[in-house]
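Overview (structure and organization)
As a plain string of letters, each chain reads:
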Amino acid sequence: MSTTSSPDIPRVAAVIVAGGSGRRFGGPVRKQYLSIGGQPVLLRAILPFLRHPRIERVVVVLPAEDVEPPPAWLQGMGIVLAAGGAERGDSVRAGLALVADCDRVLIHDGARPFIDRDTIDRVLEAEGGAIAAVPVTDTIKQVDESGAITGTPDRARLWQAQTPQGFPCAAILHAYDRAAADGFAATDDAALFERYAGPVRVVMGSPRNLKVTRPEDVAVAEAIAAELDRG
Ligand SMILES: Nc1ccn([C@@H]2O[C@H](COP(=O)(O)OP(=O)(O)OP(=O)(O)O)[C@@H](O)[C@H]2O)c(=O)n1
Ligand SMILES: C[C@](O)(CO)[C@H](O)COP(=O)(O)O
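Residues numbered from 1 in each chain as written. Chains lettered and ligands numbered in written order. Predicted model: local features only at pLDDT ≥ 70, side-chain atom pairs only at ≥ 80, totals over all residues. Heavy atoms only, no water.

An unreviewed UniProt entry annotates the chain as 2-C-methyl-D-erythritol 4-phosphate cytidylyltransferase of Longimicrobium terrae. The UniProt entry for the chain carries the following comment under Function (unreviewed entry): "Catalyzes the formation of 4-diphosphocytidyl-2-C-methyl-D-erythritol from CTP and 2-C-methyl-D-erythritol 4-phosphate (MEP)." Listed under Catalytic activity (unreviewed entry) in UniProt, the entry text for the chain is "2-C-methyl-D-erythritol 4-phosphate + CTP + H(+) = 4-CDP-2-C-methyl-D-erythritol + diphosphate". (UniProt positions renumbered as here; feature names shortened; annotations may be inferred.)

1. Brief notes about the site of ligand 1
By nearness alone, 18 residues border ligand 1, and Gly19, Gly22, Arg23, Arg24 and Ser91 come closest of all. A distance of 2.8 Å is found between an oxygen atom of ligand 1 and a backbone nitrogen or oxygen belonging to Gly22. Note that a nitrogen atom of ligand 1 is positioned 2.7 Å from one of the side-chain N or O atoms of Ser91. In isolation ligand 1 offers 550 Å² of accessible surface; the protein chains occlude 92% of this area. Counted by class, the shell around ligand 1 contains 4 nonpolar, 7 polar and 7 charged residues. (Near = heavy atom within 4 Å. Polar contact = N/O pair within 3.5 Å; in protein donor to acceptor, adjacent residues only side chain to side chain. Areas by Shrake-Rupley, 256 points an atom, 1.4 Å probe, with all protein chains shown as cover. Nonpolar A, V, L, I, M, F, W, Y, C, P; charged D, E, K, R; others polar.)

2. Considering the side chain of His108
By secondary structure assignment, the location of His108 is in strand β6 (residues 104–109). Among the polar contacts listed, one links the side chain of His108 to the side chain of Thr163, at a separation of 2.7 Å. If near-sequence neighbours (up to four positions away) are discounted, His108 is found in contact with Val15, Ile16, Val17, Ala45, Phe49, Ile115, Thr163, Pro164 and Asn209. (Helix = DSSP H or I, 4+ residues; strand = E, 2+ residues; numbered from the N terminus. Contact = heavy atoms within 4.5 Å.)

3. Description of unusual backbone geometry
Following Glu68, the chain continues to Pro69 via a peptide bond in cis, the omega torsion being 0 degrees. Of note, the amide linkage connecting Thr163 to Pro164 takes the cis form, showing an omega dihedral of 15 degrees. Among the structural elements, Pro164 can be located in strand β10 (residues 159–168).

4. Overview of the site of ligand 2
In the vicinity of ligand 2, the contacting residues are Arg24, Arg88, Asp109, Arg112, Ala161, Thr163, Thr187, Asp188 and Lys211. Contact between ligand 2 and Ala161: an oxygen atom at 2.8 Å from a main-chain N or O atom of the residue. A distance of 2.6 Å separates an oxygen atom of ligand 2 from a polar side-chain atom of Lys211. Its free accessible area being 360 Å², ligand 2 has 76% of it covered by the protein chains.

5. Let's talk about helix α2 (residues 88–96)
Residues of α2 that are buried: Ser91, Val92, Gly95 and Leu96. All buried residues of α2 lie within an arc of 140 degrees about the axis, which places them on one face of the element. Residues of α2 that are buried in the fold lie against β1 (12–17), β4 (55–62), β6, α4 (169–182) and α5 (189–196). (Buried < 20%, exposed > 50% of the residue type's maximum accessible area, 1.4 Å probe, protein only. Arc of directions from axis to C-beta.)

6. As for the sheet that holds β6
Read across the open sheet, the 7 strands follow the order β5-β4-β1-β6-β10-β7-β11; overall the sheet is mixed. Because the sheet does not close on itself, it has two edges, and the strands there are β5 (80–83) and β11 (200–204). Shown here is a sheet whose adjacent strand axes are inclined to one another by a mean of 30 degrees, direction ignored. Note that β1 and β4 share 6 bridges and pair parallel. By the bridge assignment, Val15 is partnered in β4 with Val59. (Pairing = 2+ DSSP bridges. Axes fitted to C-alpha atoms, helices over the stretch in contact; angles between N-to-C directions.)

7. Overview of the UniProt feature "site: Positions MEP for the nucleophilic attack" (unreviewed entry) in the chain
Following the UniProt record, the feature "site: Positions MEP for the nucleophilic attack" (unreviewed entry) maps to Arg155 and Lys211 here. You can see Arg155 is positioned in the loop between β9 (149–151) and β10. Setting aside anything within four residues of it in sequence, one finds Arg155 in contact with Val136, Thr137, Asp138 and Thr139. Checked against the element boundaries, Lys211 lands in the loop between β11 and α6 (217–230). Other than its neighbours up to four places away in sequence, Lys211 contacts Arg24, Asp109, Ala111, Arg112 and Asp217. Only 2.8 Å separates the side chain of Lys211 from the side chain of Thr213, close enough to count as a polar contact.

8. Here we look at the nonpolar core
Membership of the largest hydrophobic core comes to 28 residues, with the highest contact counts inside it found for Leu42, Ile46, Phe49 and Val58. For this core, the secondary structure elements donating two or more residues are β1, α1 (41–50), β4, α3 (117–125) and β7 (129–135). Counting residues per element, this core draws most heavily on α1, at 6 residues. (Core = buried A, V, L, I, M, F, W, Y, C linked by side-chain atoms within 4.5 Å.)

Structure follows, in structure tokens:
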């Protein structure tokens, strides 16, 4: 992270959340540590931020039991470690506490190993709240508890949220504080920002920006890694 600090250049940080237990993934190895194409998922997710010239601090949030000592391959990389919490939002908040002095923060899932520089740039350069997302390609159905279809939203207006999700630091911290006070939680950071801080826009993400969630995702991840590592 070789960044030039200047009063008129926004200070940018990244918070990579990898504090989850991977219930849907299962198996003996936490999915964020799983080797894909010879590299841990989390290392692949971290490196593009660590190598970005505009990002001056990278905070990685791990399961509390993995912080001291962290996995050997995480040591000596110049990253700041934090202990995660019970839910994703708790882990995000733990990471945000370590970037309060920055101007903009990009929050990224450690389970998304194939984040590309162009997507990071789009989220970083946006004003205000901005998230990586892709237009949905399947028709989405709204269903009730019995599985009966209750609606078919207009697909033209539907995008699938990814990460990174970027925000002004002070505003996202405020949103998380307000959400904690209200007992409000959501599955992504943008939902809190929309509710407590202001509008969020989508910027184009990538179909390769897969979140490793279930065992079936491994074969897809291996294929993407093979394609990307071939260069
Ligand atoms: N308490 C948590 C829960 C999730 N995450 C992180 O948030 C990202 C997206 O979460 P998800 O894919 O749901 O991971 P898990 O919560 O580990 O998976 P599951 O829901 O299947 O348990 C992952 O990088 C995960 O490590 C986190 O830092 N802290
Ligand atoms: C933040 C996110 O990756 C956007 O799609 C997603 O909401 C995370 O969900 P998870 O259940 O915590 O994996």
